[in-house]
Each structure stands twice: as C-alpha cells, then as structure tokens.
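If you want the building blocks of each chain, they are given just below.
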Amino acid sequence: MFQVQRGPEVHDVVVIGSGAGGGTAIKVLTDLGIKVTLIEAGPMLNPARDFKEHMWPWEVDHRGVGPNAENYFGKNIYPFGYFQAPNGYWDVPGEPFTVAEGSEFKWFRSRILGGRTNHYGRISLRFSDYDFKPYEFDGLGYDWPMTYEEMAPWYDKAEDWVGVTGTKEGFRSAPDGKFLPPVPPRVHEQLVMKAGKRLNIPVIPSRMAMLTKSIHGRAACHYCGQCGRGCRTASAFTSSQAMIMPAMKTGNLNIISNAMARELLVGDDGTVTAVSYIDKPTRTEKQIRCRAVIVAASACESARLLLNSKSTKFPNGLANGSGMVGRNLTDTVGYSLGGVVPAMEGMPRHNCDGIGGMHVYVPWWELDKKNKDFPRGYHIEIGGGFGMPQIGSFRGVAARAEGYGNSLKDSIHKYYGSTVSFAGRGEMIPNEHSYCEIDPSVVDQFGIPVLRFHFRWSDHEINMVKHMDRTFRALIETMGGRVTGRDFPERGAEAVSVGGEIIHEAGTVRMGSDPKTSVLNKWSQAHEVKNLVVADAAPFNGNPDKNVTLTIVANSWRAADHLADEMKKGNV
Amino acid sequence: MDELLKDEPSRRDLLRIIGNSMVLTTAGAGVLSPALAQHVHTEVAEAKSLSGGPNYQPKCLTKHYFATLRRLGEYIIPGSTDAGAAEYIDFLASRNDDLAAIFNGGLGWMDDYMLKHYNADFLSAKPEQQTALLDQLAYKKNATPENAPGQRFWTWARNMVVDAYYTSPVGVQEIGYMGNKAMSSFSVPQEAVDYAMKRSPFAKES
C-alpha cells in the first residue's frame, strides 16, 4: 500500500469543481480575501490554445469530422463537434457509470477548468416566484426554503458580473433582471415573431450571457456567433475566464488540477477536516486539510462524493441522515422540431452570425391557462440563419434532393438559410423513480465507487412534449413552412429527450427547512455538517423551465457569502 | 501590446499574443481588441484552392482510383477538385479502414460495371457512358439489384463530396456565407427582411 500524502497546512476553503458554482464561490471568497484552494478533476484551460474560435473547417485536414472520420461512423468523440470548446464527454474514459434496468440516462461530465460553462448555451433566465414555491403553486414538487424576493438581490449580483442581454417585459414566468442591450432579431426570428403574434405566443429578446457592452474589463461581443467554441475575448461568459482567471490575480487562489476528489473526511466533531483526492498523473491519494469545503462538482458528482464519504458518524454518506442525497434527480424536458420556410429560400446573403444562439425566445405563455394536461411549462429556443457550413450541414437537403451536379448545388443553395428550428426546454417534476445511488459493485479507474442511475419521465413530461410538438408545428406552418425530419402525428414518449441529455441535472442534494427531508439549509449549508456547502445545481428543489446556470451562479454567490460570514463570526 | 502593431503578424503570432493577453492583461481575463480579432478572421478568409494538383500522391487510394474519384467528384459537385474533395476522402480513408473499404470497393465496382457494359473503365469511358452509370445510381426510380452496391457507395461519395465542397474556401464563398468576422455591432439588412416578408404569409401586414 502506498503512502497517503497529507499536507500539514490547513486551507481556509477547499472548492471542489470549477464550473458555474465553483467559479462563483471562488470569485466571491477570494474577493473577500479568503484563501481558496480549488480541486479540479481536469486540466487547466488555456483559451488561446484550447479554443477553436474563428477557425474555418478547411484549416484541419479532416474538416471537423474527426481525425479518423469518427463522426461518419457515429462515434462522436467531440460531443458537440470538433470546433466546440473543450468541455467533456458523454463517456469519460476510465470513469464509467451504470444505469439500472428499465431506465435510460446519459451523463455529460466535464473535466476541465471552467467545466461546462466553456461550451454552454448561455441562456440566462431567472427562476420565477412560483418556481421557488412549486408545491404552494400547484401541489407538486417541493418548496424551496427561500422566496424569489430573497433570491432577487443575488440574481442582480449574478447578472451584474456575468452580463446578460435582455429587455424588461413584465412576464411572471420570466422575471426581469439587470440587462445589457438586446441584439436585433435575424430574419427567421422576425418571421417567428410574426407567427407568434398570430398564435398569441410572445417572442421576446433573448437573455443570454454575452456582452453587448464591455463590462469588468471583458471586451464587448464581436458577433462571430461562435460562443460555443469558447471566446478568446471572454465576451461570452465562462466560469474559467470571467471568474477563476481574475481570482488567480488576487493571490488568494491555489489551483490543484487533474485532481479527482475521492472522499470528504470528518473529524470527531462531525465536521469536514480534510479532502481526499486522487492526483491523476501519479495515481496517488493525497489529502488536504481545510476549515470548510464547498462541493460544486455538478449535481450528480456532488451527490456521489457525499455518498462515498461514509464514516461511523455518517454511515449512509456525509450529511445524509435524511436519505435524500441522490434523490429528486431531474433534467430538463427536451424536444425539438425543424422546418424549411420557402419565404427565405434564396434570400439575399448577409452575415447573421450575431451572438451564439438565438436573439429572441419564447417564455412560457400559458401559466394562467386552466385545464392543461401537464403542470408548469417550457420555454422555446429558436434556431436558423446562415450558419458557417460544416460537415453534415447539407446531409438532409442532399438526401431529399436526388441528382447531382448543378441541380444538386441549386437545391443546396436554395435551402441554405431557409430553415428554422424550435427546441422546447421544459420543467420536469421530481419523481420517486428518478435518482442516483452508488453502484455496489462497480468502481472507476481510481477505485472510486460509481453512480447508478434510475430515471423515468412521467405523463407530465410526455404530455408537455406533445404540446411542444403541436406548438412548433403551428409556428412552422404559420410561417408558411413545412416540417422536416421525422414526422409523427402525435409525438410524446418516443420523442422526448433521454434523461440527462439536456445536461441540466439538478436536485440530488436538496435544500429545505426540515433536516428530516432535506440535506441543506437555505444557505446550501448541510444541516448536519456546518462547514459543508454544496454550490452547484444539486441543492435545487426543482428544475424550472429556465435552465440552471444563472441560478447556480446566484445561489452559489449567496451560499459563499453566507459561509464567509459564518467564518468571520467564528461559527465555521 | 506593441507586438500588435507589427506588420502582418502570422496566425501563430496572433494566437501567441492572444494567449499572452489572456494571462497578462490587468483589465480582466482575456481581453482581445476587435481589431486583433479581425486580423485572425481576414488572415484565413482567402478562397484558395485545396487541390493537391496533378502530382498529388494519394495516401490510401491507388493513383487510378484517386483520379476516378476526382472525376466522380466533379460530376457530383462541379468545382469539387478545387475544394480538395478527393484529397479529403483519401486522407480519411488512409485513417479509417471502413472508409478505405467503402471507397476502394465502390470505385472498383464502378470500373467493373463500366467494363461489363462499355468495355472501358470509368475514367476512360465516354462522358455519356459515365453519366449513364451515375443516372442509374442517383435516382431511386432507376434502382436495380445489379446496381445496389453502387447505390450505397454513391450515397457515401455524394455526401462526402458535398461535405468537402462546402467546407472549402471555394464552397463557402459560392454558397455565400459571410460571417466569421469581428463586427463592432450587429444589424440585419432591410433588403433581406423585405425579401422574406414579401414572400411570407405576413406580406399583407404592415
């Protein structure tokens, strides 16, 4: 047995994970002068080297299909394409997870500084008042131990720092925030606005974490539309560039990269005394002592770490007296549909890159409608425009248009820029069949027990998907378009995204006011372990149709600020 | 930042400068001026030919098959030689055995078909003989058991030539993609809005 290396130094706060939650906690604490050590399971990020922003496909011999033509054979070694920012994997080599029989689940994991914020869609929506009190609202799910009013100032701080576009609209389902100027709608988006008007569906400027004005020393957006590739000017928000790199300059941040947290160790008093991690390059176990720990490893990794931290005091896993660690797993309900709109065929060419993603979107508009066959709602994301041609861009039109030569070219040229797509992102109600737990018989390459997933959509979500299908179809047809791709008269169970696929996992270390039914208090601090804070989407009691990142930032900000207070008072 | 004022920095220089600015800037993380970003864009935006020329040495295919593929590519998308379509396919076939089998096998099948019907391989057959085969493969109504292996190959060749063409400078220019540029602001030309609105069901709305 090799020697475990234990450092004598006691670190103020150890943060595990560097995504939206970890990055925010690091920013807040280092700004307050607190010494922070970050443990990140992946390597450091170097935007100049790692981001493929502005590259043309022909700059690599394989044009982006993969050096061994992988994408032609369905082996997607780059989950979102070769040119996407380094982000993570659907299957992390050497780090498996298992899925229980009868369930389907995909788990996207990031292993790099900044985590999934390097590539995410940057849609930044506040949760609404009823999202914090869902049970009160309609008798489903769990109320949060705080209200929207309590969260609002933290959303203000988050938006101030992140930078979010938008306009004040007064929708209850989409609370207004502190917005940067919006970006004008593209042609297909203007058509969607017209269609929405006819169908009584509101289409409003999108709320996206891109800088339409320079703030905090980050340059304003230069509208190349490539945010997903990573932005070298940091004009699109990432935890790595907008939070961690500035924190490095404070001198208060120490980063241990390529370090996989294995276990949190507790002392006789039941508080966390040290973090045990595997130094990946040497495969040795190391321990660092700490005064407090913030776990922000992503909802499911954070649950896994707590469940794997068993001791005589916490036989079911750290802070898990309630048995709720791993339960209440949710993901966003996803469904999309696209079409071709003849009005745009052959449209005059122009540069419509803009910000990466939509310039307008649809907030949930039927909040007050009675007699729906599903609770809550969804927002709609809109795609289209003259994108940079990529491998596979014209596979669909080429398949529909027989022939070759100039006639094939004509079909492709006519089709280019004439499409529109809609993606619904809806709320899943937590259910007892959806959770993660430790697989009793499988460990990863570091010997750490892995997660086993159980996941099931309920009729709530399936009915919502059918509503999405009807809505998207109506929008496309109202624009004079025709639906392309798969076409079923009534889509539901066969069309909904696979659990985990939308990459919005949440709820696995839930907060609440009752320690018997929740793990964390309203400050995301463990009821049973006062120097343990969880600061990703794991504390979320629900998974509203607002995407998780902005609320991860706001909640982590609030949690870190409270922890700093408690440390100052000597309570931690 | 004096380095930015040098004449014609190379792409490598730019990336290095950008990399340094990420680390050294005092204003915050990763500040790159739009002017510098524009340099990166224009540096790569010339529509140069990706063809390896007449003396290109194929990495996987035989010289005969490579020449056949170029000719086939020109039929599928005129101009695909300049887009380096055959080079693209040959490169990937050299790195993927399944792809090598598909293209060697498909090109071999084509020659065999042409020899049986016209007593000449594809390259040396007359243009109308070549297109007679392509018409057999390109339209579902012409599908026969005899040409079934060719149809599968045709789908591969057609998709990959389309991919190669539209991911090349000449293809990007021809289809009219105008982005991948640093812009100081974003706007939509009214001409494009009017074009679409006039043709849409909303034409009569103000």
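Residues numbered from 1 in each chain as written. Chains lettered and ligands numbered in written order. Predicted model: local features only at pLDDT ≥ 70, side-chain atom pairs only at ≥ 80, totals over all residues.

Enquirer: Please explain the overall build of chain B as it appears in this structure.
Expert: Scanning chain B for helices and strands turns up nine helices and zero strands. In chain B, which comprises 206 residues, the proportion classed as buried is 39%. Sequence separation of 24 or more characterises 61% of the internal contacts of chain B that already satisfy a separation of 6 or more. (Helix = DSSP H or I, 4+ residues; strand = E, 2+ residues; numbered from the N terminus. Buried ≥ 20, exposed ≤ 12 C-beta atoms within 10 Å, placed from the backbone. Contact = placed C-beta atoms within 7 Å.)

Enquirer: Which parts of the structure should I look at to understand the overall build of chain A?
Expert: The helix and strand inventory of chain A stands at 12 helices and 18 strands. Expressed along its principal axes, the backbone C-alpha trace of chain A runs to roughly 75 × 55 × 50 Å. Classification of the 572 residues of chain A by burial places 58% in the buried group. The long-range fraction of contacts in chain A, counting pairs at least 24 apart against all pairs at least 6 apart in sequence, stands at 74%.

Enquirer: Help me understand the interface of chain A and chain B in this model?
Expert: Reports of interface size often rely on the accessible area that becomes lost once the parts have come together. Counting residues at the interface gives 72 residues for chain A, matched by 66 residues for chain B. Among the secondary structure elements, those contributing two or more residues to the side of chain A that touches chain B are helix H2 (47–50), helix H6 (187–199), helix H7 (239–248), helix H9 (395–400) and helix H10 (406–415) of chain A. Residues that form the side of chain A that touches chain B fall into these classes: 36 nonpolar, 23 polar and 13 charged. (Nonpolar A, V, L, I, M, F, W, Y, C, P; charged D, E, K, R; others polar.)

Enquirer: What is the right way to read the packing of helix H4 (residues 85–93) of chain B against helix H7 (residues 148–166) of chain B from this model?
Expert: Working note: a packed helix pair is described by the angle between its axes plus the distance between those axes. All names here are of chain B. In the contact formed by H4 and H7, the axes pass within 8 Å of each other and the chain directions differ by 115°. Here H4 and H7 pass one another in a crossing that is right-handed. Every residue of H7 that contacts H4 at Ala85, Tyr88 and Ile89 is listed here: Met160, Val161, Ala164 and Tyr165. For the contact of H4 with H7, the residue count by class is seven nonpolar, no polar and no charged. (Axes fitted to C-alpha atoms, helices over the stretch in contact; angles between N-to-C directions. Left-handed = near helix turned anticlockwise from the far one by under 90°.)

Enquirer: What's the story with unusual backbone geometry in this structure? I'm lost.
Expert: Note: most peptide bonds trans; most residues except glycine with negative phi. All names here are of chain A. The phi dihedral of Ile503 falls on the positive side, at around 65°, and the residue is not glycine. Here Ile503 is to be found in the loop between strand E17 (482–484) and strand E18 (532–534). Assessed through the 25 C-beta atoms surrounding it within 10 Å, Ile503 is described here as buried. In the Ramachandran plot, Ser524 falls in the positive-phi region, its phi being about 60° despite a non-glycine side chain.

Enquirer: Help me understand the environment of B:Ala83, please; the structure alone is not making it clear to me.
Expert: Residues and elements named next belong to chain B. With respect to the helices and strands, the residue Ala83 is situated in the loop between helix H3 (63–76) and H4. Judged by the 28 C-beta atoms lying within 10 Å of it, Ala83 is buried. Through-space distance from the C-alpha of Ala83 to that of Pro169 is 7.2 Å; in sequence the pair is 86 residues apart. In contact with Ala83, not counting residues within four places along its chain, are Leu50, Ala164, Tyr165, Ser168, Val170 and Gly171.

Enquirer: Just checking my understanding: could you explain the sheet that holds strand E13 (residues 378–384) of chain A for this structure?
Expert: Two strands in a sheet stick together by hydrogen bonds in their backbones, pointing the same way (parallel) or opposite ways (antiparallel). All names here are of chain A. Sheet architecture is open: four strands sit in the order E13-E14-E11-E17, paired in antiparallel fashion. A single partner strand is all that each edge strand has here, and the edge strands are E13 and E17. Neighbour-to-neighbour, the strand axes of the sheet open up by a mean angle of 30°, direction not taken into account. Bridging between strand E11 (residues 333–340) and E17 involves three bridges; their strand directions are antiparallel. When the bridges of E17 are listed, Gly339 appears paired with Val483. (Pairing = 2+ DSSP bridges.)

Enquirer: Quick question: what am I supposed to make of H7(B) here?
Expert: The α-helix winds at 3.6 residues per turn, so residues separated by three or four positions along the chain end up facing the same way. With 19 residues, H7(B) extends 27 Å between its outermost C-alpha atoms, agreeing within 8% with the 27 Å of an ideal straight helix rising 1.5 Å per residue. Those residues of H7(B) that sit buried are B:Gly150, B:Phe153, B:Trp154, B:Ala157, B:Arg158, B:Met160, B:Val161, B:Val162, B:Asp163, B:Ala164, B:Tyr165 and B:Tyr166. (Expected span 1.5 Å × (residues − 1).)

Enquirer: When you look at the pairing of strand E1 (residues 5–16) of chain A in this model, what are you seeing that I'm missing?
Expert: Looking along a regular strand, one sees the side chains alternate between the two faces of the sheet. Residues and elements named next belong to chain A. Of the strand pairs in this sheet, E1 and strand E10 (residues 284–295) are connected by eight bridges, and their pairing is parallel. The partner of Val10 across the bridge, within E10, is Arg289. One ladder, built from four bridges, connects E1 with strand E2 (residues 36–39); its direction is parallel. Across the sheet, the residue bridging to Ile16 is Ile39, located in E2.

Enquirer: Could you clarify how one ought to interpret the confidence of the model for chain B in this entry?
Expert: Detailed reading of the predicted coordinates is not advisable wherever pLDDT falls low. Residues and elements named next belong to chain B. Mean pLDDT over chain B: 84, with 77% of residues reaching 70 or higher. Counting interchain partners and residues more than four positions distant, the pLDDT-below-50 stretch residues 1–32 has 48 contacts. Low confidence marks residues 39–44, where pLDDT is under 50. Its contacts with residues over four positions away, or in another chain, come to 11 contacts. The ipTM assigned to the predicted complex is 0.93, against a pTM of 0.93. (pLDDT = per-residue confidence, 0-100.)

Enquirer: Sorry, what's going on with the sheet that holds strand E4 (residues 98–99) of chain A here?
Expert: All names here are of chain A. Read from one edge of the open sheet, three strands run E4-E16-E15, paired in mixed fashion. Either end of the sheet is taken by a strand with one partner, and the two such strands are E4 and strand E15 (435–443). Both E4 and strand E16 (residues 449–454) contribute to a ladder of two bridges, which runs parallel. Bridged to Val99 within E16 is Phe453.

Enquirer: When you look at the nonpolar core in this model, what are you seeing that I'm missing?
Expert: Among soluble globular proteins, nonpolar side chains are generally buried collectively. Counting residues in each nonpolar core, the largest one holds 118 residues, and the members touching the most others are A:Val15, A:Ile16, A:Ile26, A:Val275, A:Val293, A:Ile294 and A:Ala560. Per element, the largest residue contribution to this core is nine residues, and it comes from helix H12 (residues 549–568) of chain A. Apart from the residues within four sequence positions on either side, A:Val15 is in contact with A:Gly22, A:Ala25, A:Ile26, A:Val36, A:Leu38, A:Ile294 and A:Ala296. By size, the runner-up hydrophobic cluster in this structure holds 99 residues, among which are A:Ile476, B:Ile89, B:Leu92 and B:Phe122. (Core = buried A, V, L, I, M, F, W, Y, C linked by C-beta atoms within 7 Å.)

Enquirer: Can you walk me through the pairing of E10(A) in this structure?
Expert: All names here are of chain A. Where strand E9 (residues 272–279) and E10 come together, six bridges link them in antiparallel fashion. Residue pairing for E10: Ser276 is matched across the bridge by Gln287. Linking two consecutive strands that pair antiparallel, namely E9 and E10, is a turn of four residues; a positive phi of about 55° is found at Arg283 within it. In this sheet, E18 lies alongside E10 in parallel orientation, the contact comprising three bridges. Across the sheet, the residue bridging to Val295 is Val534, located in E18.

Enquirer: It is not clear to me how H10(A) should be interpreted in this structure. Could you clarify?
Expert: If you check which residues of H10(A) are buried, you get A:Leu408, A:Lys409, A:Ile412 and A:Tyr415. Down the axis of H10(A), the smallest arc covering the buried residues is 135°, so these residues share one side. In H10(A), those exposed residues whose orientation departs by more than 90 degrees from the buried face are A:Asn406 and A:Ser407. Buried-residue contacts for H10(A) involve E11 and H9 of chain A together with H3 of chain B. Immediately downstream of H10(A), the backbone of A:Gly417 shows phi near 80°, a positive value. (Arc of directions from axis to C-beta.)

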